[in-house]
Amino acid sequence: MHGPSEAELAKAISRFEGIVGASHVLTSGAEFDEFRDPFQPAGWTDYRPSVVLQPETVEEIQAIVRVAAEHGVPLWTNSQGRNNGYGGAGPRLNGSVTVNLRRMNKILEIDDDLSYARVEPGVSFQQLHDALVAGGHPLMLSVPDIGWGSLIGNSLDHGVTYLGYGQDFQAPCGMEVVLADGQVLRTGMGGVPGSATWNLYRRGLGPSLDQLFMQSNFGIVTKMGVWLQPQPEAIMPVTVTVDAEDDIRALVDTLRALLLDRTVEGVPCIFNTPSAAAMVSNRKDWYDGEGPMPEEVLDRIGRELGIGRWMLRMALWGDSAIVDHKFEKVRAAFSTIPGAKIRGEKTTPDGARELESASDRVVTGVPSLDLVGMAGWAAGNYGGHMDFAPVVPLRGTEVLEFVKTFRPLVEEAGLDYKTDLMAINARSGIYVSGSNFDFRDEEGTRKVYDIVAKLIQEAGKRGYGPYRSHLDFMDLAADQFSFGHHAYRRFVEKIKDAVDPAGILSPGKQGIWPSGMREG
């Protein structure tokens, strides 16, 4: 795997400066250093760009891709570049030219009647939320735990949010994409000039293309529609806690039934004790010993923080009487689990912004940076995390078996077992097991890399594939999708070769390499 010669790269950089302006071409300094994996030890040199470009317009991106194709320069595109548990803003191919889209940060439209917005890739969840509040729009945005990420970047990488349109990535609708040859494509109904329904209808005429640009390297998305949720009369954050590890079985089965009958909507999450505790504390507050935390420590954390061994987090919304009715159904259902504790506090969308708990605010559509410290569970400001994230059936027996299988593998490596299960729909969940480390400690960091690689392979043997991957494991993750002698990979490689023959767009993303960089 290789990039352009130094001479070709130098020529390209000179031309890039002419396109975006020299002040928007980063080659060193603190700003440049943001565009590596933030959780890598300082001495590691993988996944670093040679230069960072920050264009402001679609026309500048068109010019950049044409220059890159002419000089054989690989580009790695990100929006905000804050996907830290999966490699941050670092490029998969070391030495790539990063195209960072933070300067493309316009909210292009907010439509109250049809409940949608159209945004550029530099627009964060926090920015759009603040604009909705400041403009008096009667709308809510489904948000992730940390509000600094890009709406477009999060959607393209299958990132999760928690309100109604967070479920199975329902928020995105209609994209504008710069292709590898510099042409601009609009997906779905956007293919009709002056379309009035571009961001209102997910399909068009013929094959639907939006999904083609998610977790792929087939184009650079420069605009996207995002569906918003009308503000309800009432909204209620709800938590359910249970005190035994085996209670996850009943917790999952009860939740599934409530999702299937639509008593509960959105994306509920089930956190284990260390994962829930990381929202409000650090590991050293409870235990400073070597190896995974003992059972008695986990029990004490669960009791003292009121989070139990598992904590389910979700929200209910609608007319006030309907929220009350749904909560009674929720209370009755989970009360069948011995020892379960159910809490719900009804508020309004305006009142949600004043809730004390950042976790409660998230499930009511209020973003912030209050939960960014979760990465520091093991080492504070020097804390990193890396996620193993397969998709599992939303069936209690299988989830419990998954825990019984994978918890020992994590703890045998000397790590705390931190996990949460996000019910991305009524039938499946994303099982995110996050391993924390001190990125000043090279040996400890390498241990986490090794265990995550092992977990991905062990899950693949059991029929579970990851929904996203850290840069270091993109090829390994893709290897798990081997049905039909890797028929899927061979098919997407054909698409890659057709739409990006020069192989310049994000080579290696999700294991998709251009023809000139494929091994074997």
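Remember, predicted model here, so these are calculated numbers, not experimental data.

Conventions used here
Residues numbered from 1 in each chain as written. Predicted model: local features only at pLDDT ≥ 70, side-chain atom pairs only at ≥ 80, totals over all residues. Heavy atoms only, no water. Helix = DSSP H or I, 4+ residues; strand = E, 2+ residues; numbered from the N terminus. Rg over C-alpha atoms; globule rule 2.2 N^0.38 Å. Buried < 20%, exposed > 50% of the residue type's maximum accessible area, 1.4 Å probe, protein only. Contact = heavy atoms within 4.5 Å. Areas by Shrake-Rupley, 256 points an atom, 1.4 Å probe, with all protein chains shown as cover. Lys, Arg positive; Asp, Glu negative; His and termini not counted. Charge placed at Lys NZ, Arg CZ, Asp CG, Glu CD. Phe/Tyr/Trp six-rings, centres within 6.5 Å; stacked < 30°, edge-to-face > 60°. Core = buried A, V, L, I, M, F, W, Y, C linked by side-chain atoms within 4.5 Å. Axes fitted to C-alpha atoms, helices over the stretch in contact; angles between N-to-C directions. Parallel < 35°, antiparallel > 145°, perpendicular 65-115°, else oblique. Left-handed = near helix turned anticlockwise from the far one by under 90°. Nonpolar A, V, L, I, M, F, W, Y, C, P; charged D, E, K, R; others polar. Pairing = 2+ DSSP bridges. Salt bridge = Lys/Arg side-chain N within 4 Å of Asp/Glu carboxyl O. 1 Å grid on protein atoms, 1.4 Å probe; cavity = no way out; pocket = protein on both sides within 12 Å on 5 of 7 lines; lining within 4 Å. Points joined across faces, edges and corners; volume = space filled by probe spheres on them. Expected span 1.5 Å × (residues − 1). Polar contact = N/O pair within 3.5 Å; in protein donor to acceptor, adjacent residues only side chain to side chain.

Colleague: Could you clarify how one ought to interpret the overall build of the protein chain in this entry?
Modeller: Within the protein chain, the regular secondary structure consists of 15 helices and 19 strands. The C-alpha atoms of the protein chain give a radius of gyration of 23 Å, which matches the 24 Å a tight globule of 520 residues would have. The principal-axis extent of the C-alpha atoms belonging to the protein chain is close to 70 × 55 × 45 Å. Per-residue burial over the protein chain gives 58% buried out of 520 residues. Within the protein chain, residue pairs in contact and separated by at least 24 positions form 72% of the contacts whose partners lie at least 6 positions apart. For the protein chain, the exposed surface amounts to about 20,900 Å²; the carbon and sulfur share of it is 50%. For the protein chain, the centre of its 50 positive side-chain charges and the centre of its 68 negative side-chain charges are spaced 3 Å apart.

Colleague: It is not clear to me how the packing of aromatic side chains should be interpreted in this structure. Could you clarify?
Modeller: Each aromatic ring pair is summarised here by two numbers: the centre-to-centre distance and the angle between the ring planes. Scanning the entire structure with this criterion turns up 10 aromatic pairs. Between Y449 and F473, the aromatic rings sit 6.0 Å apart at their centres with planes inclined by 50 degrees, giving tilted as the arrangement. One end of the pair, Y449, is in helix α13 (residues 442-461); the other, F473, is in the loop between α13 and α14 (474-479), and 24 residues separate them in sequence. Like F473, Y449 is buried. Among the aromatic residues, those joined into a cluster by ring pairs are F388, F402, F406, Y431 and Y464.

Colleague: Sorry if this is basic, but what is going on with the nonpolar core here?
Modeller: Soluble globular proteins tend to bury their nonpolar side chains together. Among the nonpolar cores identified, the biggest contains 60 residues, and L128, L141, V160, Y162, M175, M422 and I430 are the most heavily contacted of them. Beyond its immediate stretch of four places on either side in the chain, M175 contacts L156, L185, R186, T187, W198, D210, F213, M214, V221, K223 and M224. The next biggest cluster of nonpolar side chains, apart from the first, holds 58 residues, and it includes L259, V264, L394 and I456.

Colleague: Looking at this structure, how should I read the packing of helix α1 (residues 6-20) against helix α3 (residues 58-71)?
Modeller: The angle between the axes and the distance between the axes are what describe a pair of packed helices. Packing of α1 against α3 brings their axes to within 10 Å, and their N-to-C directions diverge by 165 degrees. In terms of orientation, α1 lies roughly antiparallel with respect to α3. Where α1 crosses over α3, the two elements pack in a sense that is right-handed. Facing α1, whose interface residues are E8, K11, A12, R15, F16, I19 and V20, α3 presents E60, A63, I64, V67, A68, E70 and H71. Taken together, the residues that form the contact of α1 with α3 break down as 8 nonpolar, 1 polar and 5 charged.

Colleague: Looking at this structure, I do not really get the sheet that holds strand β6 (residues 116-119). What am I missing?
Modeller: By definition, the strands of a sheet pair up through backbone hydrogen bonds, in either a parallel or an antiparallel sense. Reading across from one edge, β5-β6-β10-β8-β9 is the order of the 5 strands in this open sheet, with antiparallel pairing throughout. In this open sheet, the two edge strands, each paired with only one partner strand, are β5 (107-111) and β9 (184-186). In this sheet, adjacent strand axes meet at a mean angle of 10 degrees when their direction is disregarded. Pairing between strand β8 (residues 172-178) and strand β10 (residues 220-227): 5 bridges, direction antiparallel. When the bridges of β10 are listed, E176 appears paired with K223. Helix α4 (residues 125-134) contacts β5, β6 and β10 of the sheet and is inclined by roughly 45 degrees relative to β5.

Colleague: Explain the pairing of strand β18 (residues 419-422) here, please?
Modeller: Consecutive side chains along a regular strand alternate between the two faces of the sheet. Residues T419 and L421 of β18 are buried on one face, and the alternating residues D420 and M422, pointing to the opposite face, are buried as well. As defined by bridge partners, strand β13 (residues 269-272) adjoins β18 across 3 bridges and the pair is classed as antiparallel. Of the residues in β18, the one forming a bridge with C269 is M422. Pairing between β18 and strand β19 (residues 428-438): 4 bridges, direction antiparallel. In the strand pairing of β19, D420 is matched with V432. Where β18 hands over to β19, the hairpin turn is made up of 5 residues, counted between the paired strands.

Colleague: Would you take a moment to explain the pattern of salt bridges for this structure?
Modeller: Enumeration over the complete set of coordinates arrives at 39 salt bridges. Here D145 and R313 are joined by a salt bridge, their closest N and O atoms 3.1 Å apart. In this pair, D145 is assigned in the loop between β7 (139-140) and α5 (151-156) and R313 in strand β14 (residues 310-318), connecting sequence segments 168 residues apart. The residues D145 and R313 share a single accessibility class, namely buried.

Colleague: What is the right way to read the sheet that holds strand β3 (residues 75-78) from this model?
Modeller: Read across the open sheet, the 4 strands follow the order β1-β2-β4-β3; overall the sheet is mixed. Looking at which strands have only one partner, the edges of the open sheet turn out to be β1 (25-26) and β3.

Colleague: How should I be thinking about empty space enclosed by the protein in this particular structure?
Modeller: On inspection of all chains with the given rule, the structure shows 5 cavities of 30 Å³ or more. Estimated volume of the largest cavity: approximately 140 Å³. Contributions of two or more residues to the lining of the largest cavity are made by α5 and β10. Counted by class, the lining of the largest cavity contains 11 nonpolar, 6 polar and no charged residues. Here the second largest cavity is characterised by a volume of approximately 110 Å³. Here the residues of the lining of the second largest cavity are counted per class, giving 6 nonpolar, 2 polar and 5 charged.

Colleague: Hey, could you run me through the environment of I322 in this one?
Modeller: Secondary-structure assignment places I322 in helix α9 (residues 320-334). By relative accessible area, I322 is classed as partly exposed at 40%. Remark: the alpha-carbon pair of I322 and V184, spanning 138 residues in sequence, is separated by 46 Å.

Colleague: So what exactly am I meant to see when it comes to helix α6 (residues 248-260) here?
Modeller: Note: α-helices contain 3.6 residues per turn, so residues at a spacing of three or four share the same orientation. With 13 residues, α6 extends 18 Å from end C-alpha to end C-alpha; this agrees with the ideal 18 Å at 1.5 Å per step. Along α6, the positions that sit buried rather than exposed are I248, L251, V252, T254, L255, L258 and L259. Elements in contact with the buried residues of α6: β12 (234-242), β13, β14, α9, α12 (396-412) and β18. Phi turns positive one or two residues past the end of α6, at R262, with a value near 70 degrees.

Colleague: Hey, could you run me through α13 in this one?
Modeller: Here α13 is 20 residues long and its end C-alpha atoms lie 29 Å apart, about the 28 Å a rise of 1.5 Å per residue gives. G444, T445, V448, Y449, I451, V452, A453, L455, I456, E458 and A459 are the residues of α13 that are buried. At its buried positions, α13 is contacted by β16 (383-388), α12, β19 and α14. Its side-chain oxygen 3.2 Å from the backbone nitrogen of E443, D441 forms the N-cap of α13. Of the residues trailing α13, G463 is marked for its positive phi of about 90 degrees.

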